[in-house]
Amino acid sequence: MKQEQDFYKQRTVALLTNFQLLELTLKMYIGTSYDYIRMLVSDHIQFDYSVEDVESFPLEHLLNVFAKLNDNKELQKRLNKLRKERNYIAHEALIVTIGSNPNMDTLHKKAEDFFYLEDELMECLKLLTDEFAKLKVKGEFSRITT
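In this text the structure is predicted, and so the values were computed from the model without any measurement. (Residues numbered from 1 in each chain as written. Predicted model: local features only at pLDDT ≥ 70, side-chain atom pairs only at ≥ 80, totals over all residues. Heavy atoms only, no water.)

1. Quick word on the packing of aromatic side chains
Next up, step 1: Counted according to the given criterion, the structure contains seven aromatic pairs.
Next up, step 2: Relative to phenylalanine 114, the ring of tyrosine 8 lies with its centre 5.3 Å away and its plane at 25 degrees, an arrangement referred to as stacked. With tyrosine 8 in helix 1 (residues 2-41) and phenylalanine 114 in helix 4 (residues 104-145), the pair connects residues that are 106 residues apart, well separated along the chain. This pair shows no difference in class: tyrosine 8 is buried, exactly as phenylalanine 114 is.
Next up, step 3: Ring geometry for tyrosine 34 versus phenylalanine 47: centroids 5.7 Å apart, planes at 70 degrees, classification edge-to-face. (Phe/Tyr/Trp six-rings, centres within 6.5 Å; stacked < 30°, edge-to-face > 60°. Helix = DSSP H or I, 4+ residues; strand = E, 2+ residues; numbered from the N terminus. Buried < 20%, exposed > 50% of the residue type's maximum accessible area, 1.4 Å probe, protein only.)

2. Considerations on the packing of helix 1 against helix 2 (residues 59-69)
Next up, step 1: One way to put it is that helix 1 packs onto helix 2 with a least axis distance of 10 Å and a crossing angle of 40 degrees. Compared by their axis directions, helix 1 and helix 2 come out oblique. Considering only the axes of helix 1 and helix 2, their crossing is left-handed. Judged by residue contacts, Phe19, Leu22, Glu23, Leu26, Lys27, Tyr29, Ile30, Ser33, Tyr34 and Ile37 of helix 1 engage Leu59, Leu62, Leu63, Val65, Phe66 and Leu69 from helix 2. (Axes fitted to C-alpha atoms, helices over the stretch in contact; angles between N-to-C directions. Parallel < 35°, antiparallel > 145°, perpendicular 65-115°, else oblique. Left-handed = near helix turned anticlockwise from the far one by under 90°. Contact = heavy atoms within 4.5 Å.)

3. Brief notes about the confidence of the model for the chain
For any part of a model where pLDDT is low, the fine detail of the predicted coordinates should not be relied upon.
Next up, step 1: Mean pLDDT over the chain works out to 89, with 91% of the residues at or above the 70 mark.
Next up, step 2: Ranking the helices and strands of the chain by mean pLDDT puts helix 2 first, with 97, and helix 4 last, with 84. (pLDDT = per-residue confidence, 0-100.)

4. So, helix 2
Next up, step 1: Listing the buried residues of helix 2 in full gives Leu59, Leu62, Leu63, Val65 and Phe66. Within helix 2, the buried residues cover an arc of 165 degrees as seen down the axis, which keeps them to one side. (Arc of directions from axis to C-beta.)

5. Brief notes about the pattern of salt bridges
Next up, step 1: Per the stated rule, a full pass over the model turns up nine salt bridges.
Next up, step 2: The residue lysine 109 makes a salt bridge to aspartate 113 at a minimum N-O spacing of 2.8 Å. Taken together, the residues span about one helical turn, with lysine 109 and aspartate 113 both in helix 4 at a distance of four residues.
Next up, step 3: Classification of aspartate 113 as partly exposed rests on a relative accessible area of 24%.
Next up, step 4: Close ionic contact of glutamate 131 with lysine 134 constitutes a salt bridge, the shortest N to O distance being 3.0 Å. Taken together, the residues span about one helical turn, with glutamate 131 and lysine 134 both in helix 4 at a distance of three residues.
Next up, step 5: Salt bridges sharing partners connect three or more residues here, namely Lys109, Lys110 and Asp113. (Salt bridge = Lys/Arg side-chain N within 4 Å of Asp/Glu carboxyl O.)

See below:
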């Protein structure tokens, strides 16, 4: 039982870390988008948004802003499905391990769920990183042509 608890805790911490990485990547994407927008419109309109404006945003708010700046609807859909799981991981996942008599049924079920969640999260991170790379190419091209 102790070994199963430890494994569950390790998976939970790994998932939390990956969700933090997802949030950081979203912040970088949004901040870079804001930089490019400012560069393109600065002669025409005041645009004073920056990455600092989103640094304290929770995942839900980051996803809402990301959807306004990116047209990859399939990625947005997949990322939005992660919201509920992220909230469970961040706020409830470790509760089942507290005490000397954890709920083993929940622990086993969630450990299996975490396996699939980890795969989806890693795939979404890769897709988001790909979108960020495209953004940087488009933005650098804009700098050259303006």
